[in-house]
Amino acid sequence: MRHTALFATASLLIAPLAHAQQAPAPVADLVSKVDIPYEQFTLPNGLRVLVHTDHKAPVVAVSVWYGVGSKNEPRGRTGFAHLFEHLMFYGSEHVTGNFFAPLSEIGATDMNGNTWFDRTTYFETVPTVALDRALMMESDRMGWLLPAMTQERVDAQRAVVKNEKRQDDNQPYGIVNYDETELLYPAGNPYHHSTIGSMDDLDKASLDDVKGWFHDHYGPDNAVLALAGDIDLATAKAKVTEWFGAIAPGPKVQPVSVPIVPLKAPVEITLHDQIATTRIYRTWPIPGLNDPDYLPLSIGAQILGGLSSSRLADALVHGREIAVGAAASAEIHAQGGWFEATADVKPGQDVKAVSAALDAEIARLIDKGPTADEMQRAAMAEVSTTIRQLEQTGGGTGQAPVLAQGLLYSNDPAHYRTELDRIAKLTPADVRVAMQKWLGHPGLRLTIEPGARTAGGEARGGDSALPPITPPPAVPAGLTVTSPDGDRSHLPGIAAVAPLPFPAIERTTLSNGIKVYFARRSAVPVVSVRVSFDAGYAADPTGGRGTEALLLKLMDEGTQSLDAVSLARARERLGATIDAQSGPDQTAFQLDALVPNLAASLSLLSDFVRHPGLREADLVRVRAQQLSAIDAELQDPDGAATRALYPAIYGPGHPYGTALTGTGDKASVTAMTRDDLVRWHDAWLRPDRASLFVVGDTTLTAVKPLLEASFGTWSAPAQAAPVKHFDMALPPTREHIVLIDHPGTPQAQIAGGEVLPVSGTDDLVMLRAANDVLGDFLGRFTQNLREQKGWSYGAYAGIGDRENRVALRIYAPVQIDKTGPAIAELRKEIAGYPGTKPTTPAELTFAVTGAAAKLPGMFETSGAVLDGIAKIVQYHRPDDYYTQLPARYRAMTATDLDKAIHAQIDPSRIVWVVVGDAAKIRPQLAGLGLPVEEVKAAE
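> Help me understand the nonpolar core in this model?
General note: in soluble globular proteins, nonpolar side chains tend to be found buried as a group. Counting 126 residues, the largest nonpolar core has Leu225, Val240, Phe244, Leu897 and Trp912 as its most contacted members. Grouped together as the second largest cluster of nonpolar side chains are 89 residues, Leu295, Leu316, Met375 and Tyr416 included.

Here you go:
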C-alpha cells in the first residue's frame, strides 16, 4: 500500500537544503502543508470511527475518547470519572485481570488512559499484527465491563486513586489547583471541583454507583475511536465492525452547561506550603475550545509568559531581576478554562513589589496588545510545536488523539487545521480585544509562601448541580447483541511482529575531525541535530559540584553577539528549539528545526555552543536561579531523596556521587566565578570531544555543507583534553535507612539503591529484562504495593545509563502510615528473587516477549531514533544493536533472568532513603532490624 503523507507533498514545501534561505519561512506557508488525511464512518450503534493511514512504521495507534469527564459528576461524587478510568483497566467479562499484561505481551507502547473535565481517554500503540487484540480489549471494556465488576475491585482501585491524589498533593505547590478551580468557578458549576476529587467523595463510591455510572456514560454512541498508522479504511471497517458492532447504544448523555462568569470582585488568598520560593498567581476564568476567543487568549498567554522571550521573562527575570521565574498559560478545555500568570519571587525581594510588577506587565499587554513581531514568534512557536507532535501516530498529542479530540469536542476531525489557519491569520488587535474582554475583569490573586502546609484539598469536595447517578437497569447496556460479534472466548493471538524498521546509520567526518552520524526520517519537515560532548556532570571539578549545570544556564543567556532576549527571539522566529542536555557522562545541545529554516537554525546552534556570552551580570542572575533550584529540590520529597541517595552509594567524592539534576551544592555554586565557567567550557566543550547526530527530513549530502559551515571551522585548543577520574574506591555500604524529616506530607518518598558491579558499556540487556520483573509497572513491586496492598500509586526499579559503574534505583512513594511495612515488602521481593520466587512464565512474557514486540513502536519518531543512535555510539554498540534485540529477547529463558539478577544485585548493600514526616515514620522503622540514620535534607 502506498504511504499516505502526513504533510501533503512535503517535498514541495522545501527548497534544496543547500539553498535554504536565512529568512524564516512564513507561518502561513508552513500551515498550508500540514495535513492529516482521514476517512470516517459510523457504526449502527453510534460509534464514530476515524482512520488515518501512515505506513512509516508497522504499528497502529488506537485512541478511544469517551464524552464523559469530571464535569458530568453529580453532587457528592467528585473524582468518580477518574476512579472509573482506573476500573476500566482491571478486567471485563472476557479479559480477566488487568489490561496492561495482555497489551504488554503484544508490544503495546504509549499505553495509558487519562481523565479530564470533558472526556476520558484510553490509548495504546500496537504492532499492526496485534490490532485485533487491542480492539477486542477496548470493545470488551466498552460493552462487557459490568459482569466482572465487584465491590472488591472498586475498593482496590479507590485505594490506588487515593494514593495518586496523595502523590500529586505531595508535590511543591500541589494544593494550588484545588483553590483555583473552586474560586474561579462557583459552587454548582461542573468545573468547580478538580478532576481527582475529594477523599470523602471517593469513600462514598458504591458498587451500584459504579454500575449506574457505566450504564449512563460509556455507550458506543458517546465515544470516538481513532486509528492511525499502518491500516487502511477497508481493514478498519471490517475489524471495528467485528469487535464493536454488537454493543448496544447507551442512553443519551445530556449536555452539561458550564457558564463562564467573570469574577465580580478580586479574590485574594494566601496559602503556605513547604516550598523554596514564594509564587504569585493571577488567574481568570476564560471560555473553552468552541469560543472564538480561546485562540487569541492562548497566543496572548504565549506572549505574556510562554515564550522564552516573553514579556514576564524580559521584565521580571532579565530586566528588573526580581523573579527567578515567570510564566503564563491558557488552560483550555472543551467548555471553559483559565488564564494563569505566575512569578516566583527572587529570595530577598519584596513580595508586594513583585506582585505589583506582575500586575503592571499584565495590564500593559491588555491595554496596548502585542506587537507584530511578538505575534509572528508566538504563532511560529505554536505551529512548529504542532508539526513536531504530529510525527507520532498516537500517545497524547499525535495524529489519532488530534483527530479524535476534534470530532468529540468540535464535531470536526480537522479542527486542528481550523486552529492553525486562525493562528496564522491572528492580528495584534484580535489578541488585545480578547484579553480586554476576559482579563479586564477582576481575577484570582493567589500567593503561596514557604511555611507549614495550609490544610486543604485533602477533604474538599465538589458541588455539582447535576442529578444523581441513574441506577442501572437489570440488563445493562452493552450486553444485548445487535449484530454478529468477534470470538471473545479467548484473546486474539498475534502473528510474528514485523522486523524493526530502524534506519541505516550513515557516517561522515567534518574537515576538523568531528564525526557525524545521520539517519533519514521524512514523515514531517523537521530535522533534529544534537552536538554531544564527552563531559557531563561527572566532569565537574572536585569541590565544584554544579559547574556544568550553572554553565548551561549561563549559556542560555546569550552568545557574544546576542543577549538573552535577542537569542530567544531568534529561536522563536525560526520555530527552532535549542535545549541543553545534561547527563552523568555527556553534555549535549539539541536543535529541533523546521526544514526550510535549517541553515539559519544551525548557524544559531553553532553560535550558541561555540561563542557563549558568559556575561558577569547574567551570572549573578542565573546563580540565584540555580540556588533557588537547589532549595526547591530539597523541599521536594523526591528531589531530597535522590540528593541523599547517590552520594550515599557512590560516595560524595565520586563523579557520580551527586543528584541526577547535577545542580550541585549551594556552597560550591555560590563560590563559582565566571573564570571557572569559561575554563570548564573551553576544556570540555571542544571539537575533539564532540559528535554530531542528525535525524530528519534531509540527506547527508545536503546537510553536510551546512554542518561544515557551522561546526567544521572550529579548531581544538592546543592543550590536551582533560579526563574524568573513576578510579576511586566506592564506599563500603551495608543495608541501612537514611531518614529525612519532611513534616506534614501525606506520603513518604522511599528511594533505594546500590552500585552494581557492571558498567554501561557492558551488555546489560539480560540484567535490565530481569530488573523489569521487579521494577516494571507489571513487576512485583507495583503489583504488591499498588494492586495487592493499595499503599502506593506505583513502585519501580531501574538501572541507570552510565558509561562507568551503573546503579540500581528503587522509587516507591507510599502512604505515610505504611512506610515501614512497604520497605519490608520491597525487601521481601528483592530477597525472594530469584531465590524462593524465580521468574514465572507470565513474567518472562512481559519482560522479554513484550519487550521485543514493542521495539517498532519505540522508534516511531525521529527523536527516538536520534536517542537510539547516540546510545549506539556512546556505549560502543554495533549498528544493528536494535534490530538484533528481538532475536536476543526471544532466546532468553527464565533461568537466564534468574542468573542475571542473582549475579548483580546484592540486597545487603542497598541503602534506603526515606523522606517524610519523621514523627510518623520513625516508629514504623523500628521493627525492620536495620540501622537508621537521621539527617537533614541540606546534608
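Okay, back to it.
> Could you clarify how one ought to interpret the sheet that holds strand β4 (residues 109-115) in this entry?
Sheet strands line up and pair through hydrogen bonds in the backbone, either parallel or antiparallel. If you trace the six strands from one edge of the open sheet to the other, you get β1-β2-β6-β3-β5-β4, paired in mixed fashion. Among the strands making up the open sheet, the edge pair consists of β1 (39-42) and β4. Strand-to-strand twist in this sheet, taken as the mean axis angle between neighbours without regard to direction, amounts to 15°. Each of β3 (59-66), β5 (120-127) and β6 (223-229) touches helix α5 (residues 131-143); the most contacted strand, β3, lies at about 10° to it. Against the sheet, helix α15 (residues 399-410) contacts β1, β2 (48-53), β3 and β6, and its axis sits at roughly 25° relative to β3.

> Quick question: what am I supposed to make of the packing of aromatic side chains here?
For any pair of aromatic rings, the description consists of the separation of the ring centres together with the inter-plane angle of the planes. Tallied over the full model, the rule gives 29 aromatic pairs. Each ring, one from Tyr66 and one from Tyr122, has its centre 6.0 Å from the other, and the planes form 85°; the classification is edge-to-face. Of the two residues, Tyr66 is situated in strand β3 and Tyr122 in strand β5; the sequence distance between them amounts to 56 residues. Across the pair, Tyr122 and Tyr66 agree in class, each one buried. When the centroid spacing of 6.0 Å and the interplanar angle of 75° are considered together, the rings of Phe533 and Trp714 count as edge-to-face. You can see Phe533 sitting in strand β14 (residues 526-534) and its partner Trp714 sitting in the loop between α25 (700-712) and β18 (736-741), a full 181 residues away along the chain. For the pair formed by Phe533 and Trp714, the shared burial category is buried. Through a chain of ring-to-ring contacts, the aromatic side chains of Tyr66, Phe84, Phe89, Tyr90, Phe100, Tyr122, Phe214, Tyr218 and Phe777 assemble into a single cluster. Just above the ring of Phe89 sits the side chain of Arg141; from NZ or CZ to the centre is 4.7 Å.

> How should I be thinking about the pattern of salt bridges in this particular structure?
Pairing is possible between side chains that carry opposite charge, provided their charged atoms lie close to one another. In the structure shown here, the tally under the stated rule is 51 salt bridges. A salt bridge links Arg377 to Asp373, with the nearest nitrogen and oxygen atoms 2.9 Å apart. With Arg377 and Asp373 both in helix α14 (residues 372-389) and four residues apart, this pair spans about one turn of that helix. For Arg377, a relative accessible area of 1% corresponds to the buried category. Close ionic contact of Arg922 with Glu934 constitutes a salt bridge, the shortest N to O distance being 2.6 Å. Of this pair, Arg922 sits in helix α34 (residues 918-925) while Glu934 sits in strand β23 (residues 932-935); the two residues are twelve residues apart in sequence, bridging distant segments of the chain. Classification of Glu934 by relative accessible area gives partly exposed; the value is 43%.

> It is not clear to me how helix α17 (residues 428-439) should be interpreted in this structure. Could you clarify?
An α-helical turn contains 3.6 residues, so a residue and the one three or four places further along point in the same direction. Given a rise of 1.5 Å per residue, twelve residues ought to cover 16 Å, and the 16 Å separating the end C-alpha atoms of α17 matches this to within 8%. Restricting attention to buried positions, one finds in α17 the residues Val431, Ala434, Met435, Trp438 and Leu439. End-on, the buried residues of α17 take up no more than an arc of 100°, which puts them together on one face.

> Where do I start with the sheet that holds strand β9 (residues 323-332) in this structure?
Taken together, the five strands give an open sheet; going across it, the order is β7-β11-β8-β10-β9, and neighbouring strands pair in mixed fashion. Of all strands in the sheet, those bounded by a partner on one side alone are β7 (267-273) and β9. With direction set aside, neighbouring strand axes in the sheet form an average angle of 15°. Of the strands in this sheet, β9 and β10 (337-345) touch helix α12 (residues 311-319), which is tilted by about 160° from β9.

Rules used throughout
- Residues numbered from 1 in each chain as written.
- Predicted model: local features only at pLDDT ≥ 70, side-chain atom pairs only at ≥ 80, totals over all residues.
- Heavy atoms only, no water.
- Core = buried A, V, L, I, M, F, W, Y, C linked by side-chain atoms within 4.5 Å.
- Buried < 20%, exposed > 50% of the residue type's maximum accessible area, 1.4 Å probe, protein only.
- Pairing = 2+ DSSP bridges.
- Helix = DSSP H or I, 4+ residues; strand = E, 2+ residues; numbered from the N terminus.
- Axes fitted to C-alpha atoms, helices over the stretch in contact; angles between N-to-C directions.
- Contact = heavy atoms within 4.5 Å.
- Phe/Tyr/Trp six-rings, centres within 6.5 Å; stacked < 30°, edge-to-face > 60°.
- Lys NZ or Arg CZ within 6 Å of the ring centre and 35° of its normal.
- Salt bridge = Lys/Arg side-chain N within 4 Å of Asp/Glu carboxyl O.
- Expected span 1.5 Å × (residues − 1).
- Arc of directions from axis to C-beta.

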